[in-house]
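What the coordinates show
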Amino acid sequence: MHLMENHEQYDRCLVLAGGGFRFAYYLGVHAAAEDRDRAPDVLLATCGGAIAAAVIAGLPDRHARLAWAASPEMHRFLREVQPTRRATPVRTLAGAALRWLDRTPASRIPDLAQDYLFEFPAALPVPPEPLPGAPALAIVGGKLLFHPDEAGERRGPRQLFAQVVFCPARAARLLDGRAAPAADQRWSSGAVATALQVDSDMPLPDAVRISIADMFYFSTQVCAAHHYTGGVIDLFPIELAQSLARSVVMERKMPFNRWLALPALRSVLGIDGAARLRHVHAQHADAWVDTRDVGKALRGQGVGKRIGWHRNRIELDVPASHAAYAAQVQAQWEYGYRKGLAAFGEAAA
């Protein structure tokens, strides 16, 4: 992730806030930014947005980026994501119901190394490093402050996670000494450490894998003897974006699912996701990309989940044919491009 270093803020930060495996719409948002002379010089990414960030920085233009997202290699990678033996419909729904019923934030140390739905293929096919002159990358993840063997123990007042940003030295200096937004008492119960951590040594492919390794979907990632979980620890890091750059482009997101996502955030991270999202939407950004309709607009146009009754497993719903997959990616890109044009057309230059 090495880029020219200095102590100044970047000019423009584009926040790629999640997106899951519909990450191709961020490629469209970025293309719209380029067309409106608003191209960012730093990308702050979480979860699926980290894949898009690596592609934007590692490939030379929008055509190469879109071709990569729609490539047979990426289609094959997604088809190879397989459910674990624990990913049975009954067990998955029972776990979700228990998290919904338990209103105590992060009462026990979670079993993130064993209790998850899908196995990653060996290699995530992302560009290994940014090209010269590409935007800087700042990728959000969560570091475990407990050993997996402690799963099931009562947490008490213990801090279980640290919010970490993987970024070049220039960005690290801008973020050094900041409090972790995920630990703010307005939405956090104390399971996240107060201090933000920065890491300028993590290889880009590892940083991306960490950021997309959200709890209950994928196992923790182990790098240099440390265990990490996904960028879901802070999906909307607007405060970090404001520290990194003079101008911030943020996404206005749809509400969390009240039955699945909110209980998962509460039970594992001790975070009130709805309170966090309300706070973010009330902050200033120089442009807002409004994707609150993404679930409706891209219904059937992305990788989702389904019940594979023949295997008694929750599976990823990836088109069998590459042509159908490529058409989904194209639809995502066009959606992001439209949303980006609308946001940058309304924002001051």
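The sections below set out a description of the structure shown in this document. (Residues numbered from 1 in each chain as written. Predicted model: local features only at pLDDT ≥ 70, side-chain atom pairs only at ≥ 80, totals over all residues. Heavy atoms only, no water.)

**What about the packing of helix H1 (residues 24–35) against helix H3 (residues 62–69)?**
Stated precisely, the cut-off is as follows: For helices, the fitted axis covers only the stretch in contact; all axes are lines through C-alpha atoms, and the angles between them, taken along N-to-C directions, range from 0 to 180 degrees. For helices the rule is a DSSP run of H or I covering at least 4 residues; for strands it is a run of E covering at least 2, with both sets numbered from the N terminus onward. We call two directions roughly parallel when the angle between them is under 35 degrees, roughly antiparallel when it is over 145, roughly perpendicular when it lies between 65 and 115, and oblique otherwise. We call two residues in contact when some of their heavy atoms are within 4.5 Å. Following the grouping adopted for this structure description, the nonpolar residues are Ala, Val, Leu, Ile, Met, Phe, Trp, Tyr, Cys and Pro, the charged ones are Asp, Glu, Lys and Arg, and the polar ones are all others, Gly among them.
Running from amino to carboxyl end, H1 crosses H3 at an angle of 175°, the nearest separation of the two axes being 10 Å. With respect to each other, H1 and H3 are oriented roughly antiparallel. Touching Ala24, Leu27, His30, Ala31, Glu34 and Asp35 of H1 are Arg62, Arg65, Leu66 and Ala69, all from H3. Grouping the amino acids of the contact of H1 with H3 by side-chain chemistry returns five nonpolar, one polar and four charged.

**Concerning empty space enclosed by the protein**
Our working rule: The definitions used throughout rest on a 1 Å grid laid over the protein atoms alone, on which a cavity is an enclosed set of points accommodating a 1.4 Å probe that cannot get out and a pocket is an open set flanked by protein within 12 Å on both sides along at least five of seven lines; lining residues are those having an atom within 4 Å of a point. Grid points are joined across faces, edges and corners, and a volume is the space filled by probe spheres set on the points.
Evaluation of the coordinates by the stated rule reveals three cavities of 30 Å³ or more. What the largest cavity holds in volume is close to 90 Å³. Grouping the constituent residues of the lining of the largest cavity by class yields nine nonpolar, one polar and two charged. Put simply, the second largest cavity is a space of about 40 Å³. As for the second largest cavity, its lining consists of Leu14, Val15, Leu16, Tyr25, Tyr26, Val29, Glu251, Val289 and Thr291. Elements that contribute at least two residues to the lining of the second largest cavity include exactly strand E1 (10–17) and H1. Its residues placed into classes, the lining of the second largest cavity shows seven nonpolar, one polar and one charged.

**Here we look at the nonpolar core**
Applicable threshold: Here, the term nonpolar core denotes a set of buried Ala, Val, Leu, Ile, Met, Phe, Trp, Tyr and Cys residues that are joined through side-chain atoms within 4.5 Å. Throughout, exposure labels follow a simple rule: accessible area from a 1.4 Å probe, protein chains only, divided by the maximum for the residue type, with under 20% read as buried, over 50% as exposed, and the rest as partly exposed.
Among the nonpolar cores identified, the biggest contains 120 residues, and Leu44, Trp68, Phe161, Met215, Met250 and Leu269 are the most heavily contacted of them. Apart from the residues lying within four places of it in its own chain, the contact partners of methionine 215 are Leu112, Thr229, Val232, Ala264, Leu265, Val268 and Leu269.

**Re the pattern of salt bridges**
Which entries qualify depends on this criterion: Any Lys or Arg side-chain nitrogen located within 4 Å of an Asp or Glu carboxyl oxygen qualifies as a salt bridge.
A full pass over the atoms with the stated rule returns 15 salt bridges. Here arginine 276 makes a salt bridge to glutamate 239, at a shortest N to O gap of 2.7 Å. Here glutamate 239 lies in helix H8 (residues 238–244) and arginine 276 lies in helix H10 (residues 273–281), a separation of 37 residues in the sequence. The same class applies to arginine 276 as to glutamate 239, namely buried. The partner of lysine 339 in a salt bridge is aspartate 293, and the shortest N-O contact between them spans 3.3 Å. Residue lysine 339 is found in helix H12 (residues 322–346), and its partner aspartate 293 is found in the loop between strand E11 (287–290) and helix H11 (294–297); the two are separated by 46 residues along the sequence. By relative accessible area, which is 34% here, aspartate 293 ends up partly exposed.

**Here's the deal with H10**
So the rule is basically this: The term polar contact refers here to a pair of N or O atoms within 3.5 Å; inside protein, the definition further demands a hydrogen-donor-capable atom paired with an acceptor-capable atom, and it admits residues adjacent in sequence only when both atoms are side-chain atoms.
Those residues of H10 that fall on the buried side of the exposure criterion are Gly273, Ala275, Arg276, Leu277, His279 and Val280. On its buried side, H10 packs onto H8, strand E10 (245–252), helix H9 (261–269) and E11. One side-chain oxygen at the N-terminal end of H10 lies 3.2 Å from the backbone nitrogen of alanine 274; it belongs to aspartate 272.

**What about the packing of aromatic side chains?**
What counts is decided by this rule: Classification of ring pairs rests on two measures: the distance between centres of Phe, Tyr or Trp rings, Trp counted by its six-membered ring, which must be within 6.5 Å, and the angle between planes, read as stacked under 30 degrees, edge-to-face over 60 and tilted in between. Look at NZ for Lys and CZ for Arg. If either is within 6 Å of the ring centre and within 35 degrees of the ring normal, a charge sits over the ring.
Under the criterion given, the structure shown has twelve aromatic pairs. Where phenylalanine 118 meets phenylalanine 218, the ring centres are 6.2 Å apart and the plane angle is 50°; that geometry is what we call tilted. Of this pair, phenylalanine 118 sits in strand E4 (residues 118–119) while phenylalanine 218 sits in the loop between helix H7 (204–212) and strand E8 (221–223), and the two are 100 residues apart along the sequence. Aromatic rings pair up to connect Phe21, Phe77, Phe118, Phe120 and Phe218 into one cluster. Positioned over the ring face of tryptophan 288 is arginine 252, at 4.1 Å from the centre of the ring.

**Quick notes on unusual backbone geometry**
With a phi angle near 75°, phenylalanine 216 is a residue other than glycine that sits in the positive phi range. One can find phenylalanine 216 in the loop between H7 and E8. Phi at alanine 225 is positive, roughly 70°, even though this residue is not glycine.

**Overview of the environment of phenylalanine 77**
Here phenylalanine 77 shows up in helix H4 (residues 72–79). Given the relative accessible area of 3%, phenylalanine 77 is considered buried. Here phenylalanine 77 is in contact with Phe120, Pro121, Ala123, Leu124 and Pro125, once residues within four sequence places are set aside.

**Structural notes on the side chain of serine 243**
Take serine 243: it is sitting in helix H8. Owing to a relative accessible area of 14%, serine 243 belongs among the buried residues under this scheme. With sequence-adjacent residues up to four places away left out, serine 243 is seen in contact with Gln9, Leu174, Leu175 and Arg178.

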